[in-house]
Amino acid sequence: MNRRLTEINNPRTSGAYSVPARKFRLRTGVGEGKLWGDEMDRIWRKIVVLLIALLAVGGFASAQTTHEVQLMIQEVEGRTLPYFFFEPTGLYVEPGDTVRFIAVTPHHTVTAYHSQQGKQQRVPDGVEPFSSPVIPIGEAWEYTFETPGVYDVWCGPHEMYGMAMRIVVGEATGPGATPPDDMGPEGTFGTAGLVLGDPALDPENIIEVQAVPWTDLSDDSKVIPNLDELLGEPMSH
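Here's a quick rundown of the structure. What you see is a predicted model, and the numbers here were worked out from it, not measured in a lab.

Some points on the side chain of threonine 98
- Relative to the helices and strands, threonine 98 is located in strand β4 (residues 98–103).
- Side chain to side chain, threonine 98 and threonine 144 meet in a polar contact 2.7 Å long.

Quick notes on the environment of methionine 72
- The residue methionine 72 is located in strand β1 (residues 66–74) in this model.
- Given the relative accessible area of 17%, methionine 72 is considered buried.
- C-alpha of methionine 72 to C-alpha of methionine 163: the two residues are 91 residues apart in sequence and 8.8 Å apart in space.
- Sequence-distant contacts of methionine 72, that is, excluding residues within four places in its chain, are made with Tyr83, Phe84, Phe85, Glu87, Val104, Thr105, His108 and Met163.

A look at the pairing of strand β7 (residues 149–154)
- Extensive coverage of β7 is indicated by the burial of six of its six residues.
- Pairing analysis gives two bridges linking strand β5 (residues 111–112) to β7, with the strands arranged antiparallel. Note that in β7 the partner of alanine 112 across the bridge is valine 153.
- As paired strands, β7 and strand β8 (residues 164–169) are joined by six bridges and run antiparallel to one another.

Here we look at unusual backbone geometry
- The peptide bond linking glutamate 87 to proline 88 adopts the cis configuration, its omega dihedral lying at 0°.
- Considering the arrangement of structural elements, one finds proline 88 in the loop between β2 (83–87) and β3 (90–93).
- Of note in this structure, histidine 107 is not a glycine but carries a positive phi near 65°.
- Within the fold, histidine 107 resides in the loop between β4 and β5.
- Exposure remark for histidine 107: the relative accessible area of 53% places this residue in the exposed category.
- A positive phi is found at glutamine 210, a non-glycine position, where the angle reads about 75°.
- By the secondary structure assignment, glutamine 210 is in the loop between α5 (203–209) and β9 (211–212).
- On the basis of relative accessibility, which here comes to 38%, the residue glutamine 210 falls in the partly exposed class.

Comments concerning the pattern of salt bridges
- According to the stated counting rule, one finds five salt bridges in the structure shown.
- Across the pair arginine 166 and aspartate 152 runs a salt bridge whose closest N-O atoms are separated by 2.8 Å. Here aspartate 152 lies in strand β7 and arginine 166 lies in strand β8, a separation of 14 residues in the sequence.
- Its relative accessible area of 0% is what places aspartate 152 among the buried residues.
- Three or more residues joined by partner-sharing salt bridges are found here, namely Glu68, Arg100 and Glu142.

Details of the nonpolar core
- Among the nonpolar cores identified, the biggest contains 25 residues, and Phe86, Phe101, Phe130, Phe145 and Ile167 are the most heavily contacted of them.
- For this core, the secondary structure elements donating two or more residues are β1, β2, β3, β4, β6 (140–144), β7 and β8.
- Excluding anything up to four places from it in sequence, isoleucine 167 contacts Leu91, Val93, Phe101, Phe145, Gly149, Val150 and Tyr151.
- In this structure, Met72, Tyr83, Trp154 and Val212 belong to the second largest nonpolar core, which totals 18 residues.

Some remarks on the sheet that holds β4
- Ordered by their spatial adjacency, four strands build an open sheet running β2-β1-β4-β6, and the pairing between neighbours is mixed. Across the chains shown, the open sheet's two edge strands, defined by having one partner strand only, are β2 and β6. Strand-to-strand twist across the sheet, computed as the mean angle between neighbouring axes with direction ignored, equals 20°.
- Bridge analysis of β4 against β6 gives five bridges, and the strand direction is antiparallel. Looking at β6, one finds that phenylalanine 101 is bridged to tryptophan 141.

Rules used in this analysis
- Residues numbered from 1 in each chain as written.
- Predicted model: local features only at pLDDT ≥ 70, side-chain atom pairs only at ≥ 80, totals over all residues.
- Heavy atoms only, no water.
- Helix = DSSP H or I, 4+ residues; strand = E, 2+ residues; numbered from the N terminus.
- Polar contact = N/O pair within 3.5 Å; in protein donor to acceptor, adjacent residues only side chain to side chain.
- Buried < 20%, exposed > 50% of the residue type's maximum accessible area, 1.4 Å probe, protein only.
- Contact = heavy atoms within 4.5 Å.
- Pairing = 2+ DSSP bridges.
- Salt bridge = Lys/Arg side-chain N within 4 Å of Asp/Glu carboxyl O.
- Core = buried A, V, L, I, M, F, W, Y, C linked by side-chain atoms within 4.5 Å.
- Axes fitted to C-alpha atoms, helices over the stretch in contact; angles between N-to-C directions.

Below, the structure is given as structure tokens:
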């Protein structure tokens, strides 16, 4: 029927109409129909390539994981002060993964060891200083770890009581990959230095086991050091 319409509307075969035949050429003639088909093939190929690219991007995005870390205070029988800790205390993630820090108990922050925050740097070079606000109970704060390396973080109010953790992002590199050597106020202060120096938080161990619970750390790493010493000269560990 299309060919017949073309012939009817072609001024070269009928004097009744003056509509130019070229308006219909791509859709009617045998050779011209092939040109139309070729053009459609090219368009569909482009659409398929675009869809594959979008699916690949979507698959990559969906592959990113969100991990959860709880911010804890735990009373301990026979101990004057409770434990203040991140659970897990050591965690492995892939670059691009997000960690959601959930405040199960009050008055916690998640703060990077960084020179711009008055601390010895223990995050990868080039990473900007970051810190959460004080997180209300039952709420959470998230951070996406893009740069590979070791990240040591601490809780502002409870660092001296041992509330610090280590996150290994993809590989055990950067300043945080070496053991802490300053337990003074500008280093890994107080019990935080003992916690981060515990063998269970060795970056290679974290990579191997993926997550290290607080209970895997030794009791010796949870002792609160003498504050007089800590507030004087930095103490090696």
